[in-house]
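# Working through the structure, step by step
Okay, here's what each chain looks like letter by letter:
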Amino acid sequence: MRRVRYGSTGGPLFLEEAPVPEPGPDELLVHCEAIGATLPVVRKVAEAAEPIPLGGEIAGEVMAVGSGGSRFRVGDRVTGLCFGHGYADFALLHEVMASPVPDDAGAVDAVALVRSGLVALGALTAARPEPGEAALVTAAASGVGHLAVQLARTRGATRVVGAVSDPAKSDFVRSLGADDVITYDQDDWGDPVDYALDAVGGELLTPAIASLAPGGRLVAYSSGGGTIQAYDLLVGAKSVIGFQMAHIARGKPELYERWRRELWQLFEEGALKPVVHKEFSLEDAAEAHATIESRANVGKVVLVP
């Protein structure tokens, strides 16, 4: 089979031939039909001290089932997060991370919707939204952010503000239902919001905290790090909440499954529409990563073997 790998920190990525892996206990061997590329993986390639397997969201058909019993069978269509080599024709998916794909949904829809949607819905839930509140979503044109903008509206937000790096993305974010769009370099981020979902971190944390109304909440789910001054929280009785999807997937599988069902229901109702920026071949994985690294994408970046 074909597999994308890299040999040293920073890449470059290259395609190689590798044996098809065999599923271990509680693992599924999946023939990958679509693979979601994400900013955390792009950052790990650039920053990790040693090369790591290129994992991520995958969707496809179950080809073999490991020992230990399974709720899935050969021929089932699944999607989920692969922690091993996922940029490949075949990948191993741990059963606890797998979710069924409805018969009328495509693999590309699945990788654009489920994992990114779970992160967006989880971050939104962590913000404890109330009907009638105002929301801010950073990286609003990203794979997760463009779903968060839509989900905030389904949870009762009466004003949704999208924050982006490039004003050229403004029309796209407004088409998702955002009332206002700002760019990160603006001095004035407009009227205060009740909660903010931040996928960027770093220096952006300071203006994101400043954008909150008294008592506002910021949910940080970025892999970009950053520092927050305690005084900035104290003066406005504001709070910061960290969110990580892996904590839910591993520790609260029933909640993970409930959120997954909600996402598919919203998708089927037309209330949640995942957008794919572009489909890349495995041979063009480096170009896919460059698109994400430069923040040029609007919507999800997907690899299609």
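One structure accompanies this document, and this report is about it. (Residues numbered from 1 in each chain as written. Predicted model: local features only at pLDDT ≥ 70, side-chain atom pairs only at ≥ 80, totals over all residues. Heavy atoms only, no water.)

## Some points on the layout of surface pockets
Considered as a void within the structure, the largest pocket measures approximately 1,100 Å³ in volume. For the lining of the largest pocket, the secondary-structure elements that each account for two or more residues are helix 1 (39–47), strand 4 (56–65), strand 5 (77–82), helix 2 (107–126), strand 9 (159–164), helix 7 (245–251) and strand 15 (300–303). When residues of the lining of the largest pocket are assigned to their parent elements, the largest contribution, five residues, is made by helix 1. Counted by class, the lining of the largest pocket contains 24 nonpolar, twelve polar and eight charged residues. Computed from the structure, the second largest pocket encloses a volume of approximately 170 Å³. In this structure, the second largest pocket is lined by 16 residues; those nearest its centre are Pro21, Gly84, His85, Ala91 and Leu92. (1 Å grid on protein atoms, 1.4 Å probe; cavity = no way out; pocket = protein on both sides within 12 Å on 5 of 7 lines; lining within 4 Å. Points joined across faces, edges and corners; volume = space filled by probe spheres on them. Helix = DSSP H or I, 4+ residues; strand = E, 2+ residues; numbered from the N terminus. Nonpolar A, V, L, I, M, F, W, Y, C, P; charged D, E, K, R; others polar.)

## Here's the deal with the packing of aromatic side chains
The full count for this structure, using the stated rule, is two aromatic pairs. With centroids separated by 6.5 Å and ring planes inclined at 50°, the aromatic side chains of Phe243 and Trp259 adopt a geometry described as tilted. Of this pair, Phe243 sits in the loop between strand 13 (239–242) and helix 7 while Trp259 sits in helix 8 (residues 253–269); the two residues are 16 residues apart in sequence, bridging distant segments of the chain. You'll find Phe243 and Trp259 in the same group, each marked buried. An angle of 85° between the planes, with centres 5.4 Å apart, marks the rings of Trp264 and Phe267 as edge-to-face. With a gap of three residues between them, Trp264 and Phe267 both fall in helix 8, about one helical turn apart. For Phe267, a relative accessible area of 22% puts it in the partly exposed group. (Phe/Tyr/Trp six-rings, centres within 6.5 Å; stacked < 30°, edge-to-face > 60°. Buried < 20%, exposed > 50% of the residue type's maximum accessible area, 1.4 Å probe, protein only.)

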